[in-house]
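Geometric and topological summary
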Amino acid sequence: MNLHRLILTENDCYKAGRTIAPQGVMVHSTGANNPNLRRYVGPDDGLLGANPNGNHWNRSGIDACVHAFIGKLSDGSIATYQTLPWEHRGWHAGKGTTGKSANNTHISFEICEDGLDDRDYFQAVYREAVELTAHLCGLYGLDPLADGVVICHSEGYRRGIASGHADVEHWFPRFGRSMDDFRADVAAEMNKESEEDGMVYYETMDDVPEWYREAVRKCVDAGALGGVGGGRLHISEDMCRTLTVLDRLGKL
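Moving on: the nonpolar core. If you look at the biggest cluster of nonpolar residues, it comprises 51 residues, and the most contacted ones within it are F109, W171, F172 and F182. Listed by contribution, the elements that provide at least two residues to this core are β2 (24-29), β3 (68-72), β4 (78-82), β5 (106-111), α2 (119-140), β6 (150-152) and α4 (179-196). Among the elements that make up this core, the one with the highest residue count is α2 (11 residues). Non-local contacts of F172, meaning those with residues more than four positions away in its chain, are made with I111, F122, Y126, R177, S178, M179 and F182. Residues M205, Y212, C219 and L243 belong to the second largest nonpolar core, which totals 13 residues.

Right under this line is the structure:
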């Protein structure tokens, strides 16, 4: 993953200042034939390139904002730009038929669309999206295979928690991919990262050392930590340490 950070501080969504406790990740795509990140992310940081129209989303009057964008830098390489703090409440899903909104529960990102006919571009942004989603699921202890955790905008619409958009199910199938494939690839990426990073992981609550257990149990009981499926908690020692510090500060 080629992750950069440029928070859209002039966007009205950022200025609203609301936060969420992330319960999932929602995948979007932009619906316009423009794969360049500079169309949405600005100003130019030396990598994005200049937007000659000045119509990026880092300005007031835009009624949408996501947590990240995936697309092309000025040199044609693929990157991810974080555009909101992960726990900021985004404006990405609208309101669904149930009256509920994934804005209140899900971290969101947009994949910049091209003409939807370039396999190389699709494969590159798909891979970037898998790695970003795996990173976010690991960060918040989310199971990508659990029901409703990793979904796209159109799946959110069918669940009644998003407006009626087609993304990304109008694009992924063109190259033989579905959201089920995407979720499986995210889970596989998380398993690979677990094997490679050398971090100590605890598979069940009984495995968690006693000095971390109270903080971890609070998060599990509150539904903030759901594990990775199959009854496995699979929480890293770093995460346990962070939760314990937050608990001692009275934040949990």
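Next comes the rest of the description.
Attention now moves to the packing of aromatic side chains. If you walk through the whole model with that rule in mind, you get 11 aromatic pairs. Aromatic pair W211 and Y212: ring centres 6.0 Å apart, planes at 65 degrees, arrangement edge-to-face. Look at W211 and you get exposed, because its relative accessible area is 58%. For Y212, a relative accessible area of 8% corresponds to the buried category. In textbook terms, an aromatic cluster arises when at least three aromatic residues are bridged by ring pairs, as seen for F122, Y126, W171, F172, F175 and F182. Geometry around Y126 places R177 over its ring, the cationic atom sitting 5.5 Å from the centre.

The rules behind the values
- Residues numbered from 1 in each chain as written.
- Predicted model: local features only at pLDDT ≥ 70, side-chain atom pairs only at ≥ 80, totals over all residues.
- Heavy atoms only, no water.
- Core = buried A, V, L, I, M, F, W, Y, C linked by side-chain atoms within 4.5 Å.
- Buried < 20%, exposed > 50% of the residue type's maximum accessible area, 1.4 Å probe, protein only.
- Helix = DSSP H or I, 4+ residues; strand = E, 2+ residues; numbered from the N terminus.
- Contact = heavy atoms within 4.5 Å.
- Phe/Tyr/Trp six-rings, centres within 6.5 Å; stacked < 30°, edge-to-face > 60°.
- Lys NZ or Arg CZ within 6 Å of the ring centre and 35° of its normal.

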